[in-house]
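An overview of the molecular structure
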Amino acid sequence: MPQQATPLIAFHIEHIVSRQHRGTDDPGGLALACDRCNAYKGPNLSSVDPETGEVIALFNPRVDVWRSHFAVRDGYVLGLTPAGRATARLLNMNAARRVELRQALT
Ligand SMILES: [Zn+2]
């Protein structure tokens, strides 16, 4: 989601590994995130793959390649891997309003 899509709410600089889990303010451990993604992610480092039920490390934007883990189709974010599916589900990427926004942007 581009920052322009939510002009009233600035994106957050979020800790990929939260301070609660010994993350630091080192720039390599930070990522720009929309407020919704950051709120749903919270301090989580992992979640459950909805296909297998396995606990999986979340997608890490500093290490993982987005296109390897996700695709966007008709505004929906599709998880292509266990990490992609677990992250898309945890961050509620396919909430109706977010899908509508993506559809309007493309
Ligand atoms: Zn987001």
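So, here is what we can say about the structure in this document. Because the structure is predicted, anything quoted here is derived from the model rather than measured.

Next up on the list: helix α3 (residues 82-90). For α3, the tally of buried residues reaches seven of nine residues, placing the bulk of the element in the interior. All of the buried residues in α3 are Ala83, Gly84, Arg85, Ala86, Thr87, Ala88 and Leu90. With its phi angle positive at about 55°, Asn92 sits one or two positions after the end of α3.

Time to look at the packing of aromatic side chains. Under the defined criterion, the tally for this structure stands at two aromatic pairs. Centroid distance Phe59 to Phe70: 5.1 Å. Interplanar angle 75°. Geometry classified as edge-to-face. With Phe59 in the loop between β4 (55-57) and α2 (66-69) and Phe70 in strand β5 (residues 70-73), this residue pair connects regions lying eleven residues apart in the sequence.

Let's shift gears to the nonpolar core. Phe11, Cys34, Cys37, Leu58, Phe59, Phe70, Val77, Ala88, Leu90, Leu91 and Met93 form the largest nonpolar core, which has eleven residues in total. Those residues in contact with Leu90 that sit more than four places away from it in its chain are Tyr40, Lys41, Asn44, Ser46, Ser47 and Leu58.

Okay, the coordination of the zinc ion next. Coordination sphere of the zinc ion, protein contribution only: Cys34 (SG) and Cys37 (SG), at 2.1 to 2.2 Å. Classification of Cys34 by relative accessible area gives buried; the value is 9%.

What follows concerns unusual backbone geometry. With phi around 55°, Asp74 is a residue other than glycine that occupies positive phi space. For Asp74, a relative accessible area of 62% corresponds to the exposed category. Located in the positive-phi region is Asn92, a residue other than glycine, with phi close to 55°. With respect to the helices and strands, Asn92 occurs in the loop between α3 and α4 (96-105).

About the criteria used
Residues numbered from 1 in each chain as written. Predicted model: local features only at pLDDT ≥ 70, side-chain atom pairs only at ≥ 80, totals over all residues. Heavy atoms only, no water. Buried < 20%, exposed > 50% of the residue type's maximum accessible area, 1.4 Å probe, protein only. Helix = DSSP H or I, 4+ residues; strand = E, 2+ residues; numbered from the N terminus. Phe/Tyr/Trp six-rings, centres within 6.5 Å; stacked < 30°, edge-to-face > 60°. Core = buried A, V, L, I, M, F, W, Y, C linked by side-chain atoms within 4.5 Å. Contact = heavy atoms within 4.5 Å. Donors = N, O, S within 2.8 Å, 3.2 Å for Na, K, Ca; no water.

Just distances and angles here, no functional claims.
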